[in-house]
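# Per-entry structural report
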Amino acid sequence: MKKVILIADDSPTIRKFVSFSLKMQGLEVITASDGMEAVEKLPLYNFDLFITDLNMPNMDGFQLIKVIRENPDYSDTPIIILSSLAGSEDIEKGMSCGANSYLVKPFDPKRIQYEVAKYLS
Amino acid sequence: MKTAPNNLSEIFEKLQDLKEIFKFGEKIVPILQSLIEFMKDVVPLLENINTSIAESTNKMPAAFNQINNVTSATEMATTEIMDRVDNITNSLGEIQKSLSNISSKSKAKTEIVLQLADFLADNSAAKELLSKFHEYDDIDPQIDKVNEKISEVNNDGYQIMLALQVQDITSQQLTAVNHLIESVNDKLASLVDDIHEANLDNEVHKLEAPEGATFDPNARFDRDENRQINVDNIIDEHKNKITSQDEIDKLFSGE
């Protein structure tokens, strides 16, 4: 059975690129254009991993991570932050919210494939 | 009750004051005249500034909208290119599967022909046909070459996708520029409000950013690995901090 990943990013370019990179690994990818849409999709699938941007309209990545962590079904599900924010404050805040990894944009798809494989293997 | 000499002395005092005022007036008149001259020069200058503000503010919505249009157009074009690359990659995957199928069928065919050749070992015509058959034995190396080319095209597609990440970064940078234009426009709007009170006619249009536009003003297209290495180092430090705190908590709880 295919593992299902949710990507939350307001940039269609990034959503497409991450999907492209992960589909090559045989994963099923569901996308959301902001945190709110991601939250709406939480009960619709059994997600094995989340990838989220931080700067998003309606609900940002920090809030999304908190909502995911408060959901008993996803309290331990790996979360990877994918953001252009590379300041130590943002990184520490993201990790404190409950993220497992932090990748900076522009990212190397091999690295994201590695991170995903690390958590899903 | 005041006496007559007292009244007179008061009148003289007042006259003296009046004289002082006239003297002061004589001094201040040239200053007032130069102030009036200055105002005569300043008013056209203010009108000039007002016109410049009007021209600038009229151009701002156009610049703002143009930037939004550029962002939307590049986003659409980038998405389209990505879709095409995705399609190409999928098609190449199918071609590779077909080639693999062809290769295995070809091997099976060769196996059958070679078995058949054993039965016809004494037949000279069959021998001749068999030698001709072997002339076409290079099919597998050719399939390997095609597979190599497919891998190259796949890799190029991958590199194109990788490079197209620039769109996300430039879009954030352009949104940051629009945010600056918006701020300048707001400042000009308040300035123009003040000028309105001075009866100078002008109007600034409020700029409206597209709904839900978010951006990182420091976003940059930098594929230097050191950025990720720095992030990894910060995460390591963060994890160490957490570990240390856990250890401290354990010590205090007596575990």
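Here goes a summary of the coordinates provided.

Helices and strands together make up the secondary structure of chain A, namely five helices and five strands. The helix and strand sequence of chain A, counted from the amino end, reads β-α-β-α-β-α-β-α-β-α. Considering only C-alpha atoms, chain A reaches an extent of 35 × 30 × 25 Å along its principal axes. Of all 121 residues assigned to chain A, the portion counted as buried reaches 59%. Within chain A, contacts between residues at least 6 apart in sequence are counted, and of these 60% link residues at least 24 apart.

This paragraph deals with the overall build of chain B. Secondary structure summary: chain B contains five helices and zero strands in total. Reading the helices (α) and strands (β) of chain B from amino to carboxyl end gives α-α-α-α-α. Residues counted as buried form 23% of the 255 residues belonging to chain B. The long-range fraction of contacts in chain B, counting pairs at least 24 apart against all pairs at least 6 apart in sequence, stands at 82%.

Our focus in this paragraph is the nonpolar core. Residues L6(A), F47(A), F50(A), L64(A), I68(A), I91(A) and Y102(A) are the most contacted members of the largest nonpolar core, which totals 29 residues. Secondary-structure elements contributing two or more residues to this core are strand 1 (4–8), strand 2 (28–32), helix 3 (61–70), strand 4 (79–83), helix 4 (88–97) and strand 5 (101–104) of chain A together with helix 5 (225–253) of chain B. For this core, the element with the most residues is helix 3 of chain A, which contributes four residues. Excluding anything up to four places from it in sequence, Y102(A) contacts L54(A), I81(A), S83(A), L85(A), D90(A), I91(A), M95(A), Q228(B), V231(B), D232(B) and I235(B).

With that settled, consider the environment of R84(B). Assignment of secondary structure puts R84(B) in helix 1 (residues 4–119). Residues R84(B) and S72(B), spaced 12 residues apart in sequence, show a C-alpha to C-alpha distance of 18 Å.

Residue and element names in this part refer to chain A. With 12 residues, helix 1 (residues 12–23) extends 16 Å between its outermost C-alpha atoms, agreeing within 8% with the 16 Å of an ideal straight helix rising 1.5 Å per residue. Within helix 1, 10 of the 12 residues are buried, leaving the element largely enclosed by the surrounding structure. Of the positions making up helix 1, those classed as buried are P12, T13, I14, R15, F17, V18, S19, F20, S21 and L22.

Moving on, we come to the side chain of Q167(B). Mapped onto the elements of the fold, Q167(B) is located in helix 4 (residues 166–197). When sequence neighbours within four positions are dropped, the list of residues in contact with Q167(B) reads T13(A), T71(B), T74(B), E75(B) and T78(B).

What follows is about unusual backbone geometry. K105(A) connects to P106(A) through a cis peptide bond whose omega is -5°. Within the secondary structure layout, P106(A) lies in the loop between strand 5 and helix 5 (109–120).

What follows covers the packing of helix 1 of chain A against helix 5 of chain A. All names here are of chain A. At a minimum axis distance of 10 Å, the contact between helix 1 and helix 5 shows a crossing angle of 60°. Considering the angle they form, helix 1 stands oblique to helix 5. For the pair helix 1 and helix 5, the crossing hand works out as right-handed. Listed contacts from helix 5 to F17, V18, S21 and L22 of helix 1 are P109, I112, Q113 and V116. Residues of the contact of helix 1 with helix 5, tallied by class, amount to six nonpolar, two polar and no charged.

All names here are of chain A. Ordered in space as 2-1-3-4-5, the five strands form an open sheet in which the pairing is parallel. The strands lining the two open edges of the sheet, one partner per strand, are strand 2 and strand 5. This sheet shows a mean twist of 20° between the axes of neighbouring strands, independent of strand direction. Relative to strand 4, strand 3 (residues 49–52) is paired through three bridges, and the arrangement is parallel. Residue pairing in the sheet places F50 in a bridge with I79 of strand 4. Here helix 1 sits on the sheet in contact with strand 1, strand 2, strand 3 and strand 4, set at roughly 170° to strand 2.

To continue, consider the pattern of salt bridges. As enumerated under the stated definition, the model contains 10 salt bridges over all chains in all. Notably, a salt bridge pairs K105(A) with D9(A), separated by 2.9 Å at the nearest N-O pair. Here K105(A) is found in the loop between strand 5 and helix 5, whereas its partner D9(A) is found in the loop between strand 1 and helix 1, with 96 residues between them in sequence. Residue class for K105(A) comes out buried when judged on its relative accessible area of 1%. Note that E37(B) and K40(B) form a salt bridge whose closest N and O atoms lie 3.9 Å from each other. With a gap of three residues between them, E37(B) and K40(B) both fall in helix 1, about one helical turn apart. With relative accessibility at 45%, the residue E37(B) sits in the partly exposed group. Residue classification places K40(B) among the exposed positions, given a relative accessible area of 54%.

Procedures and definitions
- Residues numbered from 1 in each chain as written.
- Chains lettered and ligands numbered in written order.
- Predicted model: local features only at pLDDT ≥ 70, side-chain atom pairs only at ≥ 80, totals over all residues.
- Heavy atoms only, no water.
- Helix = DSSP H or I, 4+ residues; strand = E, 2+ residues; numbered from the N terminus.
- Buried < 20%, exposed > 50% of the residue type's maximum accessible area, 1.4 Å probe, protein only.
- Contact = heavy atoms within 4.5 Å.
- Core = buried A, V, L, I, M, F, W, Y, C linked by side-chain atoms within 4.5 Å.
- Expected span 1.5 Å × (residues − 1).
- Axes fitted to C-alpha atoms, helices over the stretch in contact; angles between N-to-C directions.
- Parallel < 35°, antiparallel > 145°, perpendicular 65-115°, else oblique.
- Left-handed = near helix turned anticlockwise from the far one by under 90°.
- Nonpolar A, V, L, I, M, F, W, Y, C, P; charged D, E, K, R; others polar.
- Pairing = 2+ DSSP bridges.
- Salt bridge = Lys/Arg side-chain N within 4 Å of Asp/Glu carboxyl O.

Any link to function would need more than the numbers given here.
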